[in-house]
Amino acid sequence: KNEVEQSPQNLTAQEGEFITINCSYSVGISALHWLQQHPGGGIVSLFMLSSGKKKHGRLIATINIQEKHSSLHITASHPRDSAVYICAAHFNNDMRFGAGTRLTVKP
Amino acid sequence: GAVVSQHPSWVICKSGTSVKIECRSLDFQATTMFWYRQFPKQSLMLMATSNEGSKATYEQGVEKDKFLINHASLTLSTLTVTSAHPEDSSFYICSASDRDRYNTIYFGEGSWLTVV
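First things first, this report covers the structure right here in the doc. (Residues numbered from 1 in each chain as written. Chains lettered and ligands numbered in written order. Predicted model: local features only at pLDDT ≥ 70, side-chain atom pairs only at ≥ 80, totals over all residues. Heavy atoms only, no water.)

Description of the overall build of chain B
Counting secondary structure elements, chain B contains 0 helices and 11 strands. Along its sequence from the N terminus, chain B presents helices and strands in the succession β-β-β-β-β-β-β-β-β-β-β. Whereas a compact globule of 116 residues would reach a radius of gyration of roughly 13 Å, chain B reaches 13 Å, a difference of no more than 12%. Dimensions along the principal axes, computed over C-alpha positions, put chain B at roughly 40 × 25 × 20 Å. Put simply, chain B has 116 residues, and 52% of those count as buried. Expressed as a percentage of contacts within chain B between residues at least 6 apart in sequence, the contacts between residues at least 24 apart total 54%. Across chain B, the centroid of the 10 positively charged side chains sits 4 Å from that of the 11 negatively charged ones. (Helix = DSSP H or I, 4+ residues; strand = E, 2+ residues; numbered from the N terminus. Rg over C-alpha atoms; globule rule 2.2 N^0.38 Å. Buried < 20%, exposed > 50% of the residue type's maximum accessible area, 1.4 Å probe, protein only. Contact = heavy atoms within 4.5 Å. Lys, Arg positive; Asp, Glu negative; His and termini not counted. Charge placed at Lys NZ, Arg CZ, Asp CG, Glu CD.)

Below, the structure written as C-alpha coordinates:
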(Lines give C-alpha, C1' and ligand atoms only; values in the text may rest on other atoms or scores of the structure.)
Protein backbone atom coordinates (compact mmCIF):
# COMPACT_ATOMS: atom_id res chain seq x y z
CA LYS A 1 0.00 0.00 0.00
CA ASN A 2 1.34 3.39 -0.98
CA GLU A 3 1.92 5.62 2.00
CA VAL A 4 0.81 8.63 -0.05
CA GLU A 5 -2.48 8.45 -1.91
CA GLN A 6 -3.53 11.05 -4.45
CA SER A 7 -6.84 11.62 -6.15
CA PRO A 8 -8.02 11.93 -8.78
CA GLN A 9 -5.51 10.20 -11.03
CA ASN A 10 -6.68 12.13 -14.07
CA LEU A 11 -8.63 15.33 -14.24
CA THR A 12 -9.97 17.24 -17.22
CA ALA A 13 -11.43 20.69 -16.72
CA GLN A 14 -12.64 23.62 -18.76
CA GLU A 15 -10.76 26.86 -18.59
CA GLY A 16 -11.91 28.91 -15.65
CA GLU A 17 -13.01 26.00 -13.49
CA PHE A 18 -11.96 25.57 -9.87
CA ILE A 19 -9.68 22.55 -9.46
CA THR A 20 -9.06 20.46 -6.34
CA ILE A 21 -6.49 17.70 -6.02
CA ASN A 22 -6.35 15.66 -2.83
CA CYS A 23 -3.52 13.93 -1.02
CA SER A 24 -3.71 11.62 1.98
CA TYR A 25 -0.79 10.12 3.82
CA SER A 26 -0.55 7.42 6.43
CA VAL A 27 2.45 8.39 8.52
CA GLY A 28 3.48 11.40 10.53
CA ILE A 29 5.31 13.91 8.41
CA SER A 30 7.57 16.89 8.90
CA ALA A 31 6.38 18.55 5.70
CA LEU A 32 4.30 17.97 2.61
CA HIS A 33 5.25 19.21 -0.83
CA TRP A 34 3.17 19.92 -3.86
CA LEU A 35 5.11 19.59 -7.10
CA GLN A 36 4.25 20.42 -10.68
CA GLN A 37 5.77 18.38 -13.47
CA HIS A 38 5.50 19.56 -17.07
CA PRO A 39 5.51 17.25 -20.09
CA GLY A 40 9.25 17.74 -20.55
CA GLY A 41 9.78 16.28 -17.09
CA GLY A 42 11.05 19.33 -15.26
CA ILE A 43 9.75 19.70 -11.75
CA VAL A 44 8.71 22.87 -10.01
CA SER A 45 8.14 22.94 -6.30
CA LEU A 46 4.86 24.77 -5.67
CA PHE A 47 4.44 24.58 -1.93
CA MET A 48 5.97 23.14 1.16
CA LEU A 49 3.50 22.86 4.04
CA SER A 50 3.72 21.73 7.60
CA SER A 51 0.46 23.29 8.77
CA GLY A 52 -2.39 25.54 7.73
CA LYS A 53 -2.68 27.10 4.34
CA LYS A 54 -0.52 28.78 1.73
CA LYS A 55 -1.45 30.83 -1.30
CA HIS A 56 0.56 31.77 -4.33
CA GLY A 57 -1.28 33.52 -7.12
CA ARG A 58 -4.13 31.25 -8.22
CA LEU A 59 -2.79 28.29 -6.28
CA ILE A 60 -3.84 27.44 -2.73
CA ALA A 61 -2.56 24.55 -0.65
CA THR A 62 -4.01 23.40 2.64
CA ILE A 63 -3.04 20.73 5.08
CA ASN A 64 -4.83 19.11 8.01
CA ILE A 65 -2.25 17.41 10.17
CA GLN A 66 -4.79 15.60 12.35
CA GLU A 67 -6.56 14.11 9.36
CA LYS A 68 -3.30 13.54 7.43
CA HIS A 69 -4.74 15.21 4.39
CA SER A 70 -3.73 18.00 2.05
CA SER A 71 -5.42 19.65 -0.90
CA LEU A 72 -4.15 21.70 -3.80
CA HIS A 73 -6.62 24.13 -5.32
CA ILE A 74 -6.33 26.03 -8.57
CA THR A 75 -8.71 28.92 -9.07
CA ALA A 76 -9.67 30.20 -12.54
CA SER A 77 -7.80 27.34 -14.20
CA HIS A 78 -5.98 27.97 -17.46
CA PRO A 79 -4.64 25.64 -20.18
CA ARG A 80 -1.09 26.44 -19.05
CA ASP A 81 -1.94 24.78 -15.73
CA SER A 82 -2.02 21.46 -17.60
CA ALA A 83 0.63 19.31 -15.96
CA VAL A 84 1.08 16.45 -13.54
CA TYR A 85 0.73 17.48 -9.91
CA ILE A 86 2.48 15.36 -7.35
CA CYS A 87 2.28 15.45 -3.58
CA ALA A 88 5.31 14.31 -1.63
CA ALA A 89 5.43 13.55 2.06
CA HIS A 90 8.67 14.31 3.84
CA PHE A 91 9.20 12.44 7.08
CA ASN A 92 12.49 12.13 8.90
CA ASN A 93 15.01 11.85 6.09
CA ASP A 94 12.67 10.12 3.69
CA MET A 95 10.39 11.23 0.90
CA ARG A 96 7.37 9.35 -0.40
CA PHE A 97 5.44 10.41 -3.46
CA GLY A 98 1.88 10.15 -4.59
CA ALA A 99 1.19 8.68 -8.01
CA GLY A 100 0.43 12.10 -9.42
CA THR A 101 -2.65 13.75 -10.88
CA ARG A 102 -2.62 14.49 -14.58
CA LEU A 103 -4.53 17.71 -15.10
CA THR A 104 -5.70 18.82 -18.52
CA VAL A 105 -7.36 22.21 -18.80
CA LYS A 106 -9.17 22.75 -22.07
CA PRO A 107 -9.71 26.20 -23.56
CA GLY B 1 15.53 32.00 -4.72
CA ALA B 2 17.36 28.77 -4.12
CA VAL B 3 18.20 26.77 -7.19
CA VAL B 4 19.25 23.20 -7.71
CA SER B 5 20.98 22.55 -11.00
CA GLN B 6 21.24 19.19 -12.67
CA HIS B 7 23.59 18.36 -15.50
CA PRO B 8 23.26 17.05 -18.11
CA SER B 9 19.59 17.54 -18.91
CA TRP B 10 19.77 14.91 -21.63
CA VAL B 11 22.28 12.16 -22.18
CA ILE B 12 22.50 9.22 -24.54
CA CYS B 13 25.07 6.54 -23.87
CA LYS B 14 25.97 3.13 -25.20
CA SER B 15 25.25 -0.06 -23.29
CA GLY B 16 28.08 -0.99 -21.01
CA THR B 17 29.36 2.51 -20.50
CA SER B 18 29.01 4.64 -17.39
CA VAL B 19 27.35 8.01 -17.17
CA LYS B 20 27.54 10.63 -14.45
CA ILE B 21 24.80 13.06 -13.49
CA GLU B 22 25.60 16.06 -11.34
CA CYS B 23 23.34 17.81 -8.86
CA ARG B 24 24.43 21.19 -7.52
CA SER B 25 22.89 23.51 -5.01
CA LEU B 26 23.73 26.93 -6.40
CA ASP B 27 23.14 29.29 -3.50
CA PHE B 28 22.84 27.17 -0.40
CA GLN B 29 24.59 24.37 1.40
CA ALA B 30 22.87 21.03 1.10
CA THR B 31 23.77 18.61 3.83
CA THR B 32 21.32 16.12 2.38
CA MET B 33 20.57 15.35 -1.24
CA PHE B 34 18.07 12.90 -2.62
CA TRP B 35 18.10 10.98 -5.89
CA TYR B 36 14.92 9.81 -7.58
CA ARG B 37 14.01 7.86 -10.65
CA GLN B 38 10.86 8.11 -12.69
CA PHE B 39 9.61 5.61 -15.23
CA PRO B 40 7.22 6.80 -17.94
CA LYS B 41 3.82 7.73 -16.59
CA GLN B 42 4.79 6.74 -13.09
CA SER B 43 5.52 8.75 -10.01
CA LEU B 44 8.90 9.54 -8.58
CA MET B 45 10.70 6.80 -6.72
CA LEU B 46 13.33 7.60 -4.13
CA MET B 47 16.55 5.79 -4.96
CA ALA B 48 18.89 6.99 -2.25
CA THR B 49 19.60 9.66 0.30
CA SER B 50 23.07 11.09 0.55
CA ASN B 51 24.56 13.12 3.35
CA GLU B 52 27.67 15.16 2.78
CA GLY B 53 30.81 13.28 3.66
CA SER B 54 29.17 9.94 4.32
CA LYS B 55 27.92 6.96 2.36
CA ALA B 56 24.54 7.15 0.71
CA THR B 57 21.58 5.25 2.10
CA TYR B 58 19.92 3.26 -0.65
CA GLU B 59 16.28 2.27 -0.83
CA GLN B 60 15.43 -1.39 -0.93
CA GLY B 61 15.89 -2.84 -4.39
CA VAL B 62 18.33 -0.18 -5.60
CA GLU B 63 21.75 -1.61 -6.44
CA LYS B 64 24.40 0.49 -4.77
CA ASP B 65 27.16 -0.88 -7.00
CA LYS B 66 25.23 0.09 -10.09
CA PHE B 67 24.09 3.53 -8.97
CA LEU B 68 27.10 5.13 -7.35
CA ILE B 69 26.34 8.24 -5.36
CA ASN B 70 28.97 10.64 -4.16
CA HIS B 71 28.26 13.68 -2.01
CA ALA B 72 31.74 15.04 -1.55
CA SER B 73 30.85 18.64 -0.85
CA LEU B 74 27.96 20.65 0.56
CA THR B 75 26.97 21.81 -2.92
CA LEU B 76 27.53 18.80 -5.14
CA SER B 77 26.25 15.26 -5.35
CA THR B 78 26.80 12.94 -8.29
CA LEU B 79 24.98 9.86 -9.48
CA THR B 80 26.96 7.50 -11.70
CA VAL B 81 25.08 4.81 -13.56
CA THR B 82 27.69 2.13 -14.13
CA SER B 83 27.65 -0.41 -16.94
CA ALA B 84 24.43 1.09 -18.21
CA HIS B 85 21.77 -1.07 -19.82
CA PRO B 86 18.73 -0.02 -21.85
CA GLU B 87 16.51 -0.74 -18.83
CA ASP B 88 18.36 2.01 -16.96
CA SER B 89 16.87 4.52 -19.39
CA SER B 90 14.78 6.77 -17.24
CA PHE B 91 14.31 10.25 -15.86
CA TYR B 92 16.57 10.93 -12.89
CA ILE B 93 15.90 13.81 -10.51
CA CYS B 94 17.75 15.13 -7.53
CA SER B 95 16.64 17.32 -4.68
CA ALA B 96 18.59 19.09 -1.99
CA SER B 97 17.75 20.03 1.57
CA ASP B 98 18.66 23.55 2.71
CA ARG B 99 19.64 23.27 6.35
CA ASP B 100 19.58 27.05 6.79
CA ARG B 101 15.96 27.28 5.61
CA TYR B 102 14.39 24.71 7.92
CA ASN B 103 15.47 21.87 5.63
CA THR B 104 13.36 23.16 2.75
CA ILE B 105 13.76 20.82 -0.19
CA TYR B 106 14.44 22.11 -3.69
CA PHE B 107 14.23 19.96 -6.78
CA GLY B 108 16.49 19.86 -9.80
CA GLU B 109 15.06 19.93 -13.28
CA GLY B 110 15.90 16.31 -13.92
CA SER B 111 18.08 14.39 -16.37
CA TRP B 112 16.84 12.16 -19.16
CA LEU B 113 19.06 9.13 -19.67
CA THR B 114 18.73 6.98 -22.77
CA VAL B 115 20.90 3.89 -23.05
CA VAL B 116 21.19 2.49 -26.56
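Let us keep going from here.
A word on the sheet that holds strand E7 (residues 67-73) of chain B
Residue and element names in this part refer to chain B. The 4 strands lie next to each other as E1-E3-E8-E7, forming an open sheet whose pairing is antiparallel. Two strands in the sheet have a free side with no partner beyond their single neighbour: strand E1 (4-7) and E7. Across this sheet, the average inter-strand angle for adjacent strands is 15°, counted without regard to direction. As paired elements, strand E3 (residues 19-25) and strand E8 (residues 76-81) share 6 bridges and run antiparallel to each other. Residue pairing across strands places Ile21 opposite Leu79, the latter belonging to E8. (Pairing = 2+ DSSP bridges. Axes fitted to C-alpha atoms, helices over the stretch in contact; angles between N-to-C directions.)

As for the pattern of salt bridges
Two side chains bearing opposite charge may form a pair once their charged atoms approach each other closely. What the rule picks out here adds up to 5 salt bridges over all chains. Residue A:Arg58 pairs with A:Asp81 through a salt bridge whose shortest N-O separation is 2.9 Å. Of this pair, A:Arg58 sits in the loop between strand E6 (52-56) and strand E7 (59-64) while A:Asp81 sits in the loop between strand E8 (69-74) and strand E9 (83-91), placing them 23 residues apart in sequence. Overall, A:Arg58 belongs to the partly exposed group, its relative accessible area being 25%. Using a relative accessible area of 6% as the deciding quantity, one classes A:Asp81 as buried. Measuring nitrogen to oxygen at the nearest pair gives 3.5 Å for the salt bridge that ties B:Arg24 to B:Glu22. Judged by its relative accessible area of 23%, B:Glu22 falls in the partly exposed class. Among the charged side chains, a network of salt bridges with common partners joins A:Glu3, A:Arg96 and B:Glu59. (Salt bridge = Lys/Arg side-chain N within 4 Å of Asp/Glu carboxyl O.)

Overview of the packing of aromatic side chains
Scanning all chains against the criterion turns up 8 aromatic pairs over all chains. Between B:Phe91 and B:Trp112 the ring centres are 4.5 Å apart and the planes differ by 40°, which places this aromatic pair in the tilted class. Of the two residues, B:Phe91 is situated in strand E9 (residues 90-98) and B:Trp112 in strand E11 (residues 111-115); the sequence distance between them amounts to 21 residues. For B:Phe91, a relative accessible area of 1% translates into the label buried. Of the aromatic side chains, those joined through ring pairs into one cluster are A:Phe97, B:Phe34, B:Tyr36 and B:Phe107. (Phe/Tyr/Trp six-rings, centres within 6.5 Å; stacked < 30°, edge-to-face > 60°.)

Regarding unusual backbone geometry
With an omega of -5°, the peptide bond between A:Ser7 and A:Pro8 qualifies as cis. Locating A:Pro8 in the fold gives a position in the loop between strand E1 (4-7) and strand E2 (10-14). Cis geometry is adopted by the peptide bond preceding B:Pro8, which originates at B:His7 and carries an omega value of 0°. Here B:Pro8 lies in the loop between E1 and strand E2 (10-13). Despite not being glycine, B:Ser83 has its phi angle at roughly 45°, a positive value. Given the relative accessible area of 36%, B:Ser83 is considered partly exposed.

Function cannot be read off these values alone, since they describe shape.
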